[in-house]
Amino acid sequence: MTRSPIEHAKLIQREFTKQATAYAANPTIIDSDWAGRLVQAVQPTPDSRVLDIATGPGYVALAFATMVREVVGVDLTDAPLGIARKNQAERGVKNVSFESADARQLPLKDGSFDIVVCRLALHHFDSPQQVLSEMVRVCRPGGKIAVQDMIASEQADRADYYNHWERLRDASHTKALSVGQLVALYGEAQLEIENLRWEQRVQDVELWMRNTETPYDTARRIRHLIQQDAAQEISGTPIFHDDEGRLCFIHRMVTVVGRRKAAGSSVR
Ligand SMILES: C[S@@+](CC[C@H](N)C(=O)[O-])C[C@H]1O[C@@H](n2cnc3c(N)ncnc32)[C@H](O)[C@@H]1O
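Below or above, wherever it landed, is the structure these notes cover. Computed from a predicted structure; not experimentally measured.

### Overview of the overall build of the protein
What the protein contains, in helices and strands, is 10 helices and eight strands. The globule rule puts the C-alpha radius of gyration for 268 residues at 18 Å, and the 18 Å found for the protein is close to it. Residues counted as buried form 38% of the 268 residues belonging to the protein.

Next up, the structure:
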């Protein structure tokens, strides 16, 4: 289904206003070790100025803030931004600001950041290329661009099946890319990949659907699709029952860190 950019923005705002509190309270999302691994993959220097795109409740921005000079977190939705500011106040962090902005058209100057990061949001964008090119634009030449997101199979039909049950749960999920597609986006944006890391996150299916307030009938449909997926290995997603018999799956994720070409450099 194609939506206009305005319709898509409205859908994002509706969904993340609804999800804001549950999302911000999710122990995996809060986990400082997880955000810390992203910081470590990027290796900022103490004088870095960092931009966190689609910051949500701000945990990534706040993790960078302990290591760098200044962080700006931007998001399209007011509710998570409010939580981010509250988290900032509770931690007494002074070198972060949270602002409202659309990642597709950032109201920020060219080359004004040393590092631009984006965790868990690429699969919500209607035009990931456009967002990545904005991330590159606001990053200084020689600076770093890091994306961490869940990934889908390299095989289109398997990826489609996975993205289908993700979208049923959250209509603002557009498409999780495959690693190959994400790497190709970096290539098209003329970024040099310096680091690529894997992450895994176990999801309890019932909890995962509760966090988005999935309606009863839709939840039943998703459960059925995931069980079918497990039985026939349709999407490549690891699916299992944990020790307490709960249906779970693994969100496979990658972190890609690339560098923008330094000013004046050329290929000979
Ligand atoms: C799953 S949350 C991720 C939050 C955070 N990055 C994290 O890792 O916890 C996705 C966030 O992306 C934001 N978002 C989606 N599309 C956006 C856009 N075009 N511009 C800015 N923020 C956007 C949503 O409002 C939401 O807060």
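### Topic: the site of the ligand
Not every one of the 20 residues close to the ligand is listed here, only the nearest: Ala 54, Gly 56, Thr 77, Ala 103 and Arg 119. For the shell around the ligand, the secondary-structure elements that each account for two or more residues are helix 1 (5–25) and helix 4 (59–65). Its residues assigned to classes, the shell around the ligand comprises 12 nonpolar, four polar and four charged.

### Observations regarding helix 5 (residues 78–91)
Taking 1.5 Å of rise per residue, 14 residues should cover 20 Å, and helix 5 covers 20 Å from first to last C-alpha, within 8% of that figure. If you check which residues of helix 5 are buried, you get Pro 80, Leu 81, Ile 83, Ala 84 and Gln 88. Take helix 5 and look down its axis: the buried residues cluster within an arc of 160°, on one side only. Structural note: helix 5 exposes Ala 89 and Glu 90 on the side pointing more than 90 degrees away from its buried face.

### Quick word on the pairing of strand 2 (residues 70–75)
Most of strand 2 sits out of view: five of its six residues are buried. Strand direction decides the pairing type here: strand 1 (residues 49–53) and strand 2, joined by five bridges, are parallel. Following the sheet pairing, Ile 53 is matched in strand 2 by Val 74. Taken together, strand 1, helix 4 and strand 2 form a β-α-β motif whose crossover is right-handed. Of the strand pairs in this sheet, strand 2 and strand 3 (residues 96–100) are connected by five bridges, and their pairing is parallel. By the bridge assignment, Asp 75 is partnered in strand 3 with Ser 100. For the crossover from strand 2 across helix 5 to strand 3, the handedness is right-handed.

### Some words on the packing of helix 7 (residues 156–169) against helix 10 (residues 216–232)
Helix 10 packs onto helix 7 with a crossing angle of 160° between their chain directions and a minimal axis gap of 9 Å. The angle between the axes of helix 7 and helix 10 places the two elements in the roughly antiparallel class. With respect to the hand of their crossing, helix 7 and helix 10 are arranged in left-handed fashion. Across from Tyr 161, Trp 165, Leu 168 and Arg 169 in helix 7, the residues of helix 10 making contact are Thr 218, Arg 221, Ile 222, Leu 225, Ile 226 and Asp 229. Looking at side-chain class alone, the contact of helix 7 with helix 10 contains six nonpolar, one polar and three charged residues.

### Some thoughts on helix 6 (residues 128–138)
Every buried residue belonging to helix 6 is among Pro 128, Val 131, Leu 132, Glu 134, Met 135, Val 136 and Val 138, and all of these are buried. Packed against the buried residues of helix 6 are strand 1, strand 4 (113–119), strand 5 (139–150), helix 8 (179–188), strand 6 (191–204) and strand 8 (247–260).

### Here we look at the environment of Leu 76
Summarising the element assignment, Leu 76 is placed in the loop between strand 2 and helix 5. Overall, Leu 76 belongs to the buried group, with 20 C-beta atoms counted inside 10 Å.

### Some points on the environment of Ser 235
Checked against the element boundaries, Ser 235 lands in the loop between helix 10 and strand 7 (239–241). Between the C-alpha atom of Ser 235 and that of Asp 160, which follows or precedes it by 75 residues, the distance is 7.9 Å. Setting aside anything within four residues of it in sequence, one finds Ser 235 in contact with Ser 153, Arg 158, Tyr 161, Tyr 162 and Asp 229.

### What to know about the nonpolar core
In this structure, Ile 53, Phe 64, Val 116, Val 117 and Met 135 are the most contacted members of the largest nonpolar core, which totals 70 residues. Other than its neighbours up to four places away in sequence, Val 116 contacts Leu 51, Ile 53, Met 135, Val 138, Cys 139 and Ile 145.

### A short note on the packing of helix 1 against helix 5
Between helix 1 and helix 5, the shortest axis-to-axis distance is 7 Å and the interhelical angle comes to 30°. Regarding the angle of helix 1 to helix 5, the classification is roughly parallel. Of the residues in helix 5, those touching helix 1 at Phe 16, Thr 17, Ala 20 and Ala 24 are Ala 79, Pro 80 and Ile 83. A class-by-class count of the residues in the contact of helix 1 with helix 5 yields six nonpolar, one polar and no charged.

### Looking at the environment of His 241
With respect to the helices, strands and loops of the structure, His 241 is situated in strand 7. Since 10 C-beta atoms lie within 10 Å of it, His 241 is described here as exposed. The spatial distance from the C-alpha of His 241 to the C-alpha of Ala 20 is 28 Å, given a sequence separation of 221 residues. In contact with His 241, other than residues within four places in its own chain, are Arg 246, Leu 247 and Cys 248.

Parameters and conventions
Residues numbered from 1 in each chain as written. Predicted model: local features only at pLDDT ≥ 70, side-chain atom pairs only at ≥ 80, totals over all residues. Helix = DSSP H or I, 4+ residues; strand = E, 2+ residues; numbered from the N terminus. Rg over C-alpha atoms; globule rule 2.2 N^0.38 Å. Buried ≥ 20, exposed ≤ 12 C-beta atoms within 10 Å, placed from the backbone. Near = placed C-beta within 6 Å. Nonpolar A, V, L, I, M, F, W, Y, C, P; charged D, E, K, R; others polar. Expected span 1.5 Å × (residues − 1). Arc of directions from axis to C-beta. Pairing = 2+ DSSP bridges. Right-handed = clockwise from strand over helix to strand, strands pointing away. Axes fitted to C-alpha atoms, helices over the stretch in contact; angles between N-to-C directions. Parallel < 35°, antiparallel > 145°, perpendicular 65-115°, else oblique. Left-handed = near helix turned anticlockwise from the far one by under 90°. Contact = placed C-beta atoms within 7 Å. Core = buried A, V, L, I, M, F, W, Y, C linked by C-beta atoms within 7 Å.

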